[in-house]
Amino acid sequence: MAERVRRIAGGAEGVRPPDAEALLLLVARGDEGAFERLYDLVSGPVFGLVRRIVRDPAQSEEVTQEVLLELWRTAARFAPDRGSAMTWVLTLAHRRAVDRVRSAQAATDREDRAYRRDADRPFDEVAEQVSTRLEHEQVRRCLSSLTDLQRESVELAYYRGLTYREVAELLDTPLGTIKTRLRDGLIRLRDCLGVAR
Amino acid sequence: MTADIHALTGAYALDAIPEFERAAFERHLHECDACAQEVRELQATAARLGDAVAESPPPELKARVLARVAEVRQLPPAQHSSARAAGPGSTWALRLTGVAAAVLLVVSVSLGVLLVQDRGELSDRRQESAAVVRLLSADDVRFVSGTTTSGMNGTAVVSRSRGQVMLLTANMPPAPDGKTYQAWLMARSGKPKSVGVFAPDQAGRASIMDSMEIGDANQVGVSVEAAGGSDTPHEVVMAMQLPA
Ligand SMILES: [Zn+2]
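None of these values were measured; they are calculated from a predicted model.

J.: Could you give an account of the coordination of the zinc ion, with specific residues and numbers?
T.: Residue and element names in this part refer to chain B. Here the zinc ion is held by H6 (ND1), H28 (NE2), C32 (SG) and C35 (SG), and the distances to it run 2.0 to 2.3 Å. All donors to the zinc ion come from one chain, and their sequence spacing reads H-x21-H-x3-C-x2-C. Highlighted residues: H6 in the loop between α1 (2-5) and α2 (9-13) and C32 in the loop between α3 (19-31) and α4 (33-51), separated in sequence by 26 residues. Relative accessible area serves as the criterion here: at 36%, H6 is assigned to the partly exposed category. Looking at C32, the relative accessible area reads 11%, which means it is buried.

J.: Describe in detail the packing of aromatic side chains, supporting the description with residues and values.
T.: The geometry of an aromatic ring pair comes down to the distance between the two centres and the angle between the two planes. All names here are of chain A. Inspection of every chain in the model, using the stated rule, returns five aromatic pairs over all chains. Each ring, one from F35 and one from W72, has its centre 5.5 Å from the other, and the planes form 75 degrees; the classification is edge-to-face. With F35 in helix α2 (residues 32-54) and W72 in helix α3 (residues 57-74), the pair connects residues that are 37 residues apart, well separated along the chain. Taking the relative accessible area as the measure of exposure, F35 reaches 1% and is therefore buried. Ring geometry for Y158 versus Y159: centroids 5.5 Å apart, planes at 70 degrees, classification edge-to-face. The burial state of Y158 is the same as that of Y159; both residues are buried.

J.: I'd like a description of unusual backbone geometry, backed by residues and values.
T.: Despite not being glycine, R55 of chain A has its phi angle at roughly 75 degrees, a positive value. Mapped onto the secondary structure, R55 of chain A falls in the loop between α2 and α3.

J.: Describe the packing of α3 of chain A against helix α5 (residues 60-69) of chain B, naming the residues involved and giving the relevant values.
T.: Contact pair α3 of chain A / α5 of chain B: the axes reach a minimum separation of 10 Å and the direction vectors enclose 40 degrees. Between α3 of chain A and α5 of chain B, the interaxial angle falls into the category oblique. As for how α3 of chain A packs across α5 of chain B, the hand of that crossing is right-handed. Across the interface between the two elements, E61, T64, Q65, L68, L69 and W72 of chain A of α3 of chain A pack against L61, R64, V65, R68 and V69 of chain B of α5 of chain B.

J.: Explain α3 of chain B residue by residue, including any values.
T.: Residue pairs three or four apart in sequence face the same way in an α-helix, which turns once every 3.6 residues. Residue and element names in this part refer to chain B. Those residues of α3 not exposed but buried are E21, R22, F25, H28 and L29. Taken around the axis of α3, the buried residues stretch over an arc of 120 degrees, which confines them to a single face. Facing away from the buried side of α3 by more than 90 degrees, the exposed set consists of E19, F20, R27, H30 and E31.

J.: Outline the side chain of S223 of chain B, listing residues and values.
T.: When you line up the elements, S223 of chain B lands in strand β8 (residues 219-226). The contact partners of S223 of chain B, leaving out residues within four places of it in the chain, are T180, Y181, Q182, W184, P233, H234, E235, V236 and V237 of chain B.

J.: Outline the sheet that holds strand β9 (residues 235-241) of chain B, listing residues and values.
T.: All names here are of chain B. Reading across the sheet, the four strands line up as β6-β5-β8-β9 and stay open at both edges, with antiparallel pairing between neighbours. Each end of this open sheet is capped by a strand with a single partner; those strands are β6 (193-198) and β9. Going across the sheet, the axis of each strand differs from the next one's by a mean of 20 degrees, ignoring polarity.

J.: Can you lay out helix α1 (residues 20-28) of chain A for me, pointing to particular residues and giving the numbers?
T.: Residues and elements named next belong to chain A. Along α1, eight of the nine residues are buried, which leaves the element largely enclosed by surrounding structure. Within the sequence span of α1, burial applies to A20, E21, A22, L23, L24, L25, L26 and V27. Looking at the residues trailing α1, positive phi occurs at G30, about 85 degrees.

J.: An account of the nonpolar core is needed here, citing residue identities and associated values.
T.: Membership of the largest hydrophobic core comes to 84 residues, with the highest contact counts inside it found for L38, V46, L182 and L189 of chain A together with L14, F25 and L49 of chain B. Counting residues per element, this core draws most heavily on α2 of chain A, at ten residues. In this structure, F198, V222, M240 and L242 of chain B belong to the second largest nonpolar core, which totals 21 residues.

J.: Now, about the packing of α3 of chain B against α4 of chain B: what can you tell me, with residues and values included?
T.: All names here are of chain B. With their axes 6 Å apart at the nearest point, α3 and α4 run at an angle of 110 degrees to one another. Taken together, the axes of α3 and α4 are roughly perpendicular relative to one another. Crossing angle aside, the handedness with which α3 passes α4 is left-handed. Residues F25, H28, L29 and E31 of α3 pack against D33, C35, A36 and V39 of α4. Taken together, the residues of the contact of α3 with α4 break down into five nonpolar, one polar and two charged.

J.: Describe the pairing of strand β4 (residues 164-170) of chain B, listing the residues and the values that go with them.
T.: All names here are of chain B. With seven of seven residues buried, β4 lies mostly within the body of the structure. Where strand β3 (residues 153-159) and β4 come together, seven bridges link them in antiparallel fashion. By the bridge assignment, V158 is partnered in β4 with V165. Hairpin connection of β3 to β4: four residues between the antiparallel strands, including G163 at a positive phi of 65 degrees.

Calculation notes
- Residues numbered from 1 in each chain as written.
- Chains lettered and ligands numbered in written order.
- Predicted model: local features only at pLDDT ≥ 70, side-chain atom pairs only at ≥ 80, totals over all residues.
- Heavy atoms only, no water.
- Donors = N, O, S within 2.8 Å, 3.2 Å for Na, K, Ca; no water.
- Helix = DSSP H or I, 4+ residues; strand = E, 2+ residues; numbered from the N terminus.
- Buried < 20%, exposed > 50% of the residue type's maximum accessible area, 1.4 Å probe, protein only.
- Phe/Tyr/Trp six-rings, centres within 6.5 Å; stacked < 30°, edge-to-face > 60°.
- Axes fitted to C-alpha atoms, helices over the stretch in contact; angles between N-to-C directions.
- Parallel < 35°, antiparallel > 145°, perpendicular 65-115°, else oblique.
- Left-handed = near helix turned anticlockwise from the far one by under 90°.
- Contact = heavy atoms within 4.5 Å.
- Arc of directions from axis to C-beta.
- Pairing = 2+ DSSP bridges.
- Core = buried A, V, L, I, M, F, W, Y, C linked by side-chain atoms within 4.5 Å.
- Nonpolar A, V, L, I, M, F, W, Y, C, P; charged D, E, K, R; others polar.

As structure tokens, this is what we get:
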């Protein structure tokens with residue numbers, strides 16, 4: 001019986017952190033040890049994103065906890081053929097964070113608050129806070145390759161949880177234009193970042 | 001309005017659609033493959049923006065979350081809704097494909113060593129992948145995973161009906177000079193059976209697959225041995241109970 005040792009070429013992706021996909025499979029089977037490792041892998045991105053949107057530290061922790069428990073609860077629904085685990089996790093985190101800020105805003109003063117939140121934070125603050133770690137340098141560079149309107153629209157929507165209507169009012173730009181800028185801005189980012197098609 | 005609706009992919013991927021429009025657009029996504037594909041790509045793009053602002057949460061949050069886990073009931077895997085045109089059979093098949101894809105990803109990015117001990121039927125990497133898929137799509141596939149006190153992780157994927165086991169390791173330091181790691185299958189009685197020697201990659205990962213009959217083995221283990229391997233394990237550094 002032959003015994004062979006093989007080396008599998010992993011390509012340039014060797015620096016990827018271990019395998020949120022595999023951990024999710026284990027978590028779906030009730031493995032608490034795997035959940036702890038998943039926590040170590042995703043809690044930083046989840047908390048960072050939630051905090052960017054929710055702002056208040058205590059509420060950000062609450063939302064982060066909700067998101068992580070939701071991962072535990074729904075791990076079996078993760079479908080790897082529809083996207084990576086980190087995309088799944090951060091899509092959920094973004095949705096929860098946005099739900100939190102929108103429910104906190106009474107419908108009547110929503111736009112008002114959008115303005116005030118904007119006054120608190122100049123546009124380029126987010127871009128500056130984007131970590132300078134090597135793998136994030138590319139995100140920063142790609143963001144700066146967008147037109148001003150594309151970048152401002154994408155940042156207001158993603159990092160502040162505004163709807164495209166709120167973005168349109170804030171930037172005093174027609175709705176249709178903002179919709180288009182959100183889409184073509186993201187498409188340009190996608191191509192710049194080399195996100196798999 | 002219909003021409004317009006395709007333009008909402010960006011706003012949707014950024015959660016920038018008001019609630020009432022979101023429902024309408026999600027109906028559209030079921031019918032428009034082009035938008036569905038674009039949304040997946042743009043969500044992956046948006047996630048990169050999220051990842052870029054990572055920030056460590058306060059350390060005490062971890063204990064709080066882990067303590068709550070025991071109280072939260074998990075959802076079962078697939079929803080076998082009879083309303084779906086595809087029917088439950090294909091839902092199941094789809095899910096298995098997903099599972100297989102995920103673990104294949106583990107194998108393909110690990111840069112590790114895949115050790116195959118077989119009857120000569122596996123001759124190239126595609127066939128190895130196919131063997132992994134067959135293992136993962138077995139009806140009785142089971143996963144176990146553990147961490148040693150020194151922090152090494154091991155995950156075993158087992159199918160008794162296929163007689164296969166795959167061991168994935170992580171956080172494994174290089175074997176000491178002149179030594180090697182050796183994987184073993186152990187039964188309640190009889191000698192431990194060598195699966196072969198292996199070396200983890202720089203990130204401490206390795207994937208080991210044994211497509212031989214695992215017989216009545218109830219444990220998988222890893223030991224440190226003199227270069228070239230031994231007949232019997234000496235310094236066991238990891239051992240995991242295999243599911244029955
Ligand atoms: Zn469409």
